[in-house]
Amino acid sequence: MMIQIKEKKKLAAGLNKALAWELRAYAMYAQYAAYIKGLESLTLKPHFAQEASESIGHAGKVRELLALLEVEAVTVRDESPIVHTEDYHVMLTESLKTEETAARTYQKLLPLCKEHPSFTHALMHIYMAELNAVEEAKALLGR
Ligand SMILES: [Fe+2]
């Protein structure tokens, strides 16, 4: 099935940006899940592990949308540096920044696929999940 979308080029570029950001988020959360230690690891190890797998899930959905558009999906992560730390507060701060950027990225994509309900639906789901993750990171930071 050929997908007709007016802003296909812009949408494809944005989806690839989102995909690269998910791949970066995966790498960051996997790293933090491995390096978290002490008392905080009781809650934060499973939390980071879950965020890592959620990032893989989002990447998978975005990749499928790119395939539907018949556009090549990126295979490398966004190059923005990942802060290496064993300080859980820094981890959570980096996590909050990552989720805020993800939410903004999906928010920008929504108007580009207005005329395509299945794209809107898929992206809306991910966008809501990112908003939840932002709130969760804030709560864990005590904000
Ligand atoms: Fe995500």
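Just so you know, the residues in each chain are numbered from 1, in the order the chain's sequence is written. Only residues with pLDDT of 70 or above have their local features reported here, since the model is predicted, and side-chain atom pairs are shown and tallied only from 80 upward, although totals for entire chains, interfaces and linings are computed over all residues.

1. Topic: the overall build of the protein chain
No. 1: Strands here mean DSSP runs of E at least two residues long; helices mean DSSP runs of H or I at least four residues long; both are numbered from the N terminus. A count of helical and extended segments in the protein chain gives 4 helices and 0 strands.
No. 2: The C-alpha atoms of the protein chain give 16 Å as radius of gyration, which agrees with the globular expectation for 143 residues (15 Å, within 12%).
No. 3: Projected onto its principal axes, the C-alpha coordinates of the protein chain cover approximately 50 × 30 × 20 Å.
No. 4: Here the protein chain holds 143 residues, and 35% of them are scored as buried.
No. 5: For the protein chain, the share of sequence-separated contacts (at least 6 apart) that also reach a separation of at least 24 residues comes to 76%. C-alpha atoms define the radius of gyration in this analysis, and the globule rule sets the expected value at 2.2 Å times the number of residues to the power 0.38. Comment: burial labels come from other C-beta atoms within 10 Å of the residue's own C-beta, placed from the backbone, where a count of 20 or more is buried, 12 or fewer is exposed, and between is partly exposed. Residue pairs qualify as contacts under a 7 Å threshold applied to their C-beta atoms, which are placed from the backbone.

2. Observations concerning the nonpolar core
No. 1: Membership of the largest hydrophobic core comes to 36 residues, with the highest contact counts inside it found for Tyr-29 and Leu-109.
No. 2: Where this core is concerned, the elements lending two or more residues are helix H1 (8-35), helix H2 (41-68), helix H3 (88-109) and helix H4 (117-140).
No. 3: Of all the elements, H1 adds the most residues to this core, at 13 residues.
No. 4: Filtering out sequence-adjacent residues up to four positions away, Tyr-29 remains in contact with Phe-48, Glu-51, Ala-52 and Ser-55. Joined through C-beta atoms within 7 Å, a set of buried Ala, Val, Leu, Ile, Met, Phe, Trp, Tyr and Cys residues constitutes a nonpolar core.

3. Remarks on the confidence of the model for the protein chain
No. 1: Per-residue confidence from the prediction method is given by pLDDT, with values spanning 0 to 100. Summarising the model, the protein chain shows a mean pLDDT of 95, and 98% of its residues fall at 70 or more.
No. 2: Mean pLDDT per element in the protein chain: H4 is the minimum at 96, and H3 is the maximum at 98.

4. A word on the environment of Glu-40
No. 1: Note on placement: Glu-40 falls in the loop between H1 and H2.
No. 2: Look at Glu-40 and you get partly exposed, because 16 C-beta atoms sit within 10 Å.
No. 3: Note: C-alpha distance between Glu-40 and Thr-85 (45 residues apart in sequence) is 14 Å.

5. A closer look at unusual backbone geometry
No. 1: Notably, Glu-70 is not glycine yet its phi reads approximately 60°, a positive angle.
No. 2: Inspection of the secondary structure assignment puts Glu-70 in the loop between H2 and H3.

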